Amino acid sequence: ATAATLVIVLVIFQRFTFGMSFTVKPTTTRTVSSCSSSDPSAATVSLLTWNVNGLDPDSLHSRANAASNEILKLAPDIVFLQEVVQSTETIFCSMLEPLYKCGSIHDGIRMNGYYTLLFVREVAGHAIVQDERITFDVGSAAQSFMGRDLHKIVVKLKSQHEVAFFNSHLESLKESAPIRTAQLTYIFERMMNLDLPACLAGDLNMRNVEQNQAIKATNAKDSIVDAYEYFGKPRYASGTWLPPDYDDPTKKSFKCRFDRVYHNSYGDVEFVSATPNGSRSKPIILVGDEKLCRSAKSGKMERPSDHLGMFIRLKLKNNNPASAKESAASKNKCNSESGANIPRKMASSPKNSGRKRYMKRRADENNFGQHMNMNQCDEVSTIMYKKSADEISIEERRRMIAAAAESRINPAHNLSTAKTIEQRLSHSKEVSSNEVIDLK
């Protein structure tokens with residue numbers, strides 16, 4: 001009976017549709033770009049930060065050439081390099097400078113033995129409008145004993161956006177946690193006090209607990225954004241430094257997320273996916289995992305560096321400074337109405353008498369007692385280290401760091417703001433030694 005019923009239904013359907021024609025209208029498809037065309041003022045800038053391991057002499061030049069080729073393939077707008085030495089500086093500049101403009105570098109920086117470089121893709125229409133090398137203050141908690149500094153450039157993009165980019169290689173070794181945290185705190189403060197979007201990238205040798213301390217010390221929870229955390233902590237990007245035995249199958253190895261990228265949330269700046277289209281979209285591209293060079297010592301193929309580079313995109317939605325301030329103020333108002341903490345950079349008043357009143361108010365609100373400064377012992381404070389990493393033994397570094405950490409005795413003078421970096425850090429959570437396995 002069921003089969004007979006089905007036959008009858010089919011016959012009725014055929015008679016009903018007989019002689020009828022169907023017209024199928026053609027459909028059109030279009031590709032949607034990562035940046036909406038409805039916002040003509042939006043622009044995307046790509047960044048690559050990479051520690052190129054200039055301290056390892058093994059196949060140094062071939063590794064620098066391989067790293068340069070990887071950079072040229074990706075064609076980032078801004079390139080942040082760390083651990084550059086004079087011989088590899090020549091290679092990077094000769095291979096990149098036909099397309100890129102190199103930031104400032106001078107013999108005083110080169111005397112450190114290794115240093116950072118910033119490149120801007122000039123052929124894409126970007127131009128450097130401000131360029132400065134900043135030394136961490138001698139005698140402060142952020143003073144470097146390894147020749148580390150902060151390189152800042154302000155770039156006017158082809159889209160007419162102006163963005164500040166900071167490149168740094170912060171203090172190495174687990175024992176340097178207090179110095180490294182103070183250095184990051186110092187940079188966060190500079191980023192938050194700018195009236196334009198800012199991005200920090202580099203080999204920061206950072207641990208999560210140190211990052212949290214710096215954010216707490218600067219009240220930057222609602223201002224400073226970590227790209228890795230913003231994208232939901234993708235597992236594949238959880239490590240950027242590979243220890244020497246990483247490829248040894250007989251050993252249980254690990255990776256550390258020493259390299260990081262931040263922005264200061266100014267205006268409508270935000271991170272966007274490095275590969276926005278398709279099912280294989282990756283918010284962060286790790287560069288340099290392919291073994292491209294042959295080791296002169298072992299004869300085996302090796303990576304260009306013991307660090308993996310990070311390729312990230314930054315989206316800027318508004319190129320009108322006044323509109324950006326209004327947008328930031330609007331966000332700040334919403335946050336205050338909902339009970340959220342107001343970012344300090346949003347609360348800053350113009351650079352006039354109003355700013356003095358603001359700083360006095362901040363001093364009253366954040367009075368933690370006597371201002372303390374780091375007083376280094378004479379043999380440390382009277383010299384600036386101009387040696388390479390190979391010339392300074394691990395024991396000597398540890399002795400210097402211990403001497404600096406034990407001599408918090410002198411009050412700071414001529415301070416217009418309330419808390420010094422040392423005080424803010426002293427009220428933060430102590431550094432944990434078991435967060436990651438630290439060998440560097």
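Refer to the structure above for everything that follows.
The following refers to the structure shown. As the structure is a computational prediction, the values presented were derived from the model and not from experiment.

So, how was this worked out
Sequence positions are assigned chain by chain, starting from 1 and proceeding in written order. Owing to the predicted nature of the model, reporting of local features is limited to residues with pLDDT of at least 70; listing and counting of side-chain atom pairs is limited to 80 or more, with chain, interface and lining totals taken over all residues. To get the side-chain values, take all heavy atoms of the structure and skip hydrogens and water. The aromatic pairing rule takes the rings of Phe, Tyr and Trp, using the six-membered ring of Trp, and pairs them if the centres are within 6.5 Å, calling planes under 30 degrees apart stacked, those over 60 edge-to-face and the rest tilted. Segments assigned H or I by DSSP are reported as helices when at least four residues long, segments assigned E as strands when at least two residues long, and all are numbered from the N terminus. Only protein chains enter the accessibility calculation, which uses a 1.4 Å probe; a residue whose area is less than 20% of its type maximum is buried, one above 50% is exposed, and one in between is partly exposed. Whether a charge lies above a ring is judged from NZ of Lys or CZ of Arg, which has to be within 6 Å of the ring centre and within 35 degrees of the ring normal. Note on contacts: a residue pair is in contact if any heavy atoms of the two residues lie within 4.5 Å. Whether two strands pair depends on DSSP finding at least two bridges between them. Under this scheme, a helix contributes an axis fitted over its contacting stretch, all axes are lines through C-alpha atoms, and angles between N-to-C directions fall in the 0 to 180 degree range. Put simply, a salt bridge is a Lys or Arg side-chain nitrogen that is within 4 Å of an Asp or Glu carboxyl oxygen. Angle categories are assigned with fixed cut-offs, so that under 35 degrees is roughly parallel, over 145 is roughly antiparallel, 65 to 115 is roughly perpendicular, and the rest are oblique. Here a crossing is called left-handed whenever its near helix is offset anticlockwise from the far helix by less than a right angle, and right-handed whenever the offset is clockwise. Residue polarity is assigned by list, with Asp, Glu, Lys and Arg as charged and Ala, Val, Leu, Ile, Met, Phe, Trp, Tyr, Cys and Pro as nonpolar; anything else, Gly included, falls into the polar class. For the purposes of this section, nonpolar cores are sets of buried Ala, Val, Leu, Ile, Met, Phe, Trp, Tyr and Cys residues that join through side-chain atoms within 4.5 Å.

1. Digging into the packing of aromatic side chains
In step 1: Within this structure, the stated rule accounts for seven aromatic pairs.
In step 2: Their ring planes at 70 degrees and their centres at 5.8 Å tell us that Phe136 and Tyr186 sit as a pair that is edge-to-face. Here the residue Phe136 occupies a position in the loop between β5 (127-135) and β6 (149-156), and Tyr186 occupies one in helix α5 (residues 177-192), the gap between them amounting to 50 residues. Exposure class is identical for Phe136 and Tyr186. Each is buried.
In step 3: Linked through ring pairs, Tyr230, Phe231 and Phe271 together constitute an aromatic cluster.
In step 4: Against the face of Tyr236 rests Lys282, its NZ or CZ located 4.9 Å from the ring centre.

2. A word on helix α3 (residues 86-96)
In step 1: Along α3, the positions that sit buried rather than exposed are Thr88, Glu89, Ile91, Phe92, Cys93 and Leu96.
In step 2: Its buried side turned inward, α3 meets α2 (60-74), β2 (78-84), β3 (101-102), α4 (107-110) and β4 (115-120).

3. Focus: the sheet that holds strand β7 (residues 162-168)
In step 1: Across the sheet, six strands lie side by side as β5-β6-β7-β8-β10-β9; this open sheet has mixed pairing. Of all strands in the sheet, those with a lone pairing partner are β5 and β9 (225-226), marking the two edges.
In step 2: Across eight bridges, the pairing between β5 and β6 is antiparallel. Note that in β6 the partner of Ile134 across the bridge is Leu150.
In step 3: The sheet strands contacting α5 are β5, β6, β7, β8 (198-203) and β10 (259-263), and the helix crosses β8 at an angle near 160 degrees.

4. Observations regarding the pattern of salt bridges
Where side chains of opposite charge bring their charged atoms close, a pairing between them can arise.
In step 1: On inspection of all chains with the given rule, the structure shows twelve salt bridges.
In step 2: A salt bridge links Arg257 to Asp226; its shortest N-O distance comes to 3.1 Å. With Arg257 in the loop between α7 (227-230) and β10 and Asp226 in strand β9, the pair connects residues that are 31 residues apart, well separated along the chain. You'll find Arg257 and Asp226 in the same group, each marked buried.

5. Let's talk about the packing of α5 against helix α6 (residues 208-218)
In step 1: Where α5 meets α6, the axes come as close as 9 Å, and the angle between the chain directions of the two elements is 45 degrees. By the criterion of interaxial angle, the relationship of α5 to α6 is oblique. α6 is crossed by α5, and the crossing has right-handed handedness. Counted together, Ala177, Arg180, Thr181, Leu184, Thr185, Phe188, Glu189 and Met192 of α5 and Glu210, Gln211, Gln213, Ala214, Ile215, Ala217 and Thr218 of α6 form the full contact between these two elements.
In step 2: For the contact of α5 with α6, the class distribution of residues is seven nonpolar, five polar and three charged.

6. Digging into the nonpolar core
In step 1: Counting residues in each nonpolar core, the largest one holds 27 residues, and the members touching the most others are Phe166, Leu184, Ile187, Phe188, Met191, Leu200 and Tyr262.
In step 2: Contributing elements (two or more residues each) for this core: β6, β7, α5, β8 and α6.
In step 3: Tallying contributions element by element places α5 first for this core, with seven residues.

7. Observations concerning the pairing of β6
A regular strand carries its side chains on alternate faces of the sheet.
In step 1: Counting buried residues along β6, seven of its eight residues qualify, which places the element largely inside the surrounding structure.
In step 2: Note: β6 against β7, seven bridges, orientation antiparallel. Bridge pairing links Lys156 to Glu162 in β7.
In step 3: Hairpin geometry of β6 and β7 is characterised by an intervening segment of five residues between the two adjacent antiparallel strands and by a positive phi of about 75 degrees at Gln160.

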